Amino acid sequence: GDSVTQMEGPVTLSEEAFLTINCTYTATGYPSLFWYVQYPGEGLQLLLKATKADDKGSNKGFEATYRKETTSFHLEKGSVQVSDSAVYFCALTYLNAGNMLTFGGGTRLMVKP
Amino acid sequence: KAGVTQTPRYLIKTRGQQVTLSCSPISGHRSVSWYQQTPGQGLQFLFEYFSETQRNKGNFPGRFSGRQFSNSRSEMNVSTLELGDSALYLCASSLGANQETQYFGPGTRLLVL
């Protein structure tokens, strides 16, 4: 079945460091890909999405490119802030699955001042 | 526009009891999905409703059930609670039927003693 694999955390960075969180997927068909972020004590918020190969999603300085050839959707940010500390989830959904999301295990990011 | 709301936010029950959780989607959204989040299993899909019909169901026992009303509000019910049902239950709503962005509520934290 479909699955999403994320790098295990926690990832600890200093403020202004470069961030990469790896995400790879296995899926039949052509999924849409998402990154969600969860701040402590809150639900999930959509960070960015991409619906087809080579699409780049971006938001709040975060970017991810849908790479069909490597089945990847890695999250990047050039300069992280303390306020970016959260858990990040990569997810996919595909046609004929309605809106059902399959999530990766999540990656906790801790940014130190 | 108001976001997804879930009630109650916190709940404590004992084994064997049953519980009902409620979710009000964003106005105009017709799809409601439910997810269970635990430290061990991560985020797992429970079920999705669209226009009062269950379209997808995750791999959970029959003790977990749900429904959607004509105003798109949804409830999920868990009967004969077990300790392992302790989790954060997240509801998400979407505007359309397929591969749509899901907007999550803050969740209901259920503790089973």
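Computed from a prediction, not measured in an experiment: that's the story for all the values here.

Quick notes on the rules
- Residues numbered from 1 in each chain as written.
- Chains lettered and ligands numbered in written order.
- Predicted model: local features only at pLDDT ≥ 70, side-chain atom pairs only at ≥ 80, totals over all residues.
- Heavy atoms only, no water.
- Disulfide = S-S within 2.5 Å.
- Helix = DSSP H or I, 4+ residues; strand = E, 2+ residues; numbered from the N terminus.
- Buried < 20%, exposed > 50% of the residue type's maximum accessible area, 1.4 Å probe, protein only.
- Phe/Tyr/Trp six-rings, centres within 6.5 Å; stacked < 30°, edge-to-face > 60°.
- Contact = heavy atoms within 4.5 Å.
- Buried area = accessible area lost by both parts, 1.4 Å probe.
- Salt bridge = Lys/Arg side-chain N within 4 Å of Asp/Glu carboxyl O.
- Polar contact = N/O pair within 3.5 Å; in protein donor to acceptor, adjacent residues only side chain to side chain.
- Nonpolar A, V, L, I, M, F, W, Y, C, P; charged D, E, K, R; others polar.

Q: What is the right way to look at the state of the cysteines in this model?
A: A covalent bond bridging the sulfur atoms of two cysteines is what the word disulfide describes. Residues and elements named next belong to chain A. The final tally for this structure, using the stated rule, is two disulfides over all chains. Each disulfide pairs two cysteine sulfurs, and for Cys23 the partner residue is Cys90, the sulfurs being separated by 2.0 Å. The chirality of the disulfide connecting Cys23 with Cys90 is left-handed, given an S-S dihedral of about -70°. A residue pair is termed long-range when its members are at least 10 positions apart, and Cys23 in strand β4 (residues 23–26) and Cys90 in strand β10 (residues 86–93) qualify at 67 residues. Judged by relative accessible area, which is 1%, Cys90 ranks as buried.

Q: Looking at this structure, how should I read the packing of aromatic side chains?
A: The geometry of two aromatic rings is summed up by the distance between their centres and the angle between their planes. Here the structure, examined in full by the defined rule, presents twelve aromatic pairs over all chains. Ring centres of Tyr36 of chain A and Phe104 of chain B lie 5.3 Å apart, and the angle between their planes is 80°; this geometry places the pair in the edge-to-face category. With Tyr36 of chain A in strand β5 (residues 32–38) and Phe104 of chain B in strand β10 (residues 103–104), the pair connects residues from two separate chains. According to the relative accessible area criterion, Tyr36 of chain A is buried, its value standing at 0%. Ring centres of Tyr35 of chain B and Phe104 of chain B lie 5.6 Å apart, and the angle between their planes is 45°; this geometry places the pair in the tilted category.

Q: When you look at unusual backbone geometry in this model, what are you seeing that I'm missing?
A: Across the chain, the bulk of peptide bonds are trans and the bulk of non-glycine residues have phi less than zero. Following Gly9 of chain A, the chain continues into Pro10 of chain A via a peptide bond in cis, with omega recorded as 0°. Structurally, the position occupied by Pro10 of chain A is in the loop between β1 (3–6) and β2 (11–14). A cis amide bond links Thr7 of chain B with the next residue in sequence, Pro8 of chain B, at an omega value of -10°. Within the secondary structure, Pro8 of chain B is located in the loop between β1 (5–7) and β2 (10–13). Of note in the backbone geometry, Thr71 of chain A takes a positive phi value of approximately 40° without being a glycine. You can see Thr71 of chain A is positioned in the loop between β8 (62–65) and β9 (75–77). In this structure Thr71 of chain A comes out as partly exposed when scored by relative accessible area, which is 31%. We note that Glu52 of chain B has phi near 70°; this positive angle belongs to a residue other than glycine. Looking at the secondary structure, you find Glu52 of chain B in the loop between β5 (42–50) and β6 (53–57). Taking relative accessible area as the criterion, Glu52 of chain B reaches 46% and is therefore assigned partly exposed.

Q: What am I meant to see in the interface of chain B and chain A here?
A: The extent of an interface is frequently quoted as the accessible surface area lost upon association of the parts. Taken together, the 22 residues of chain B in the interface contact 23 residues of chain A. The largest contributions to the chain B side of the interface with chain A come from Leu43, Gln99 and Phe104 of chain B, which together make up 39% of the buried area. Counting every contact that joins chain B to chain A gives zero salt bridges. The interface formed by chain B and chain A includes nine residue pairs in polar contact (both at pLDDT 80 or more). At the level of elements, β4 (31–38), β5, β6 and β9 (87–94) of chain B are the ones that each hand at least two residues to the side of chain B that touches chain A. Looking at side-chain class alone, the side of chain B that touches chain A contains eight nonpolar, ten polar and four charged residues.

Any link to function would need more than the numbers given here.
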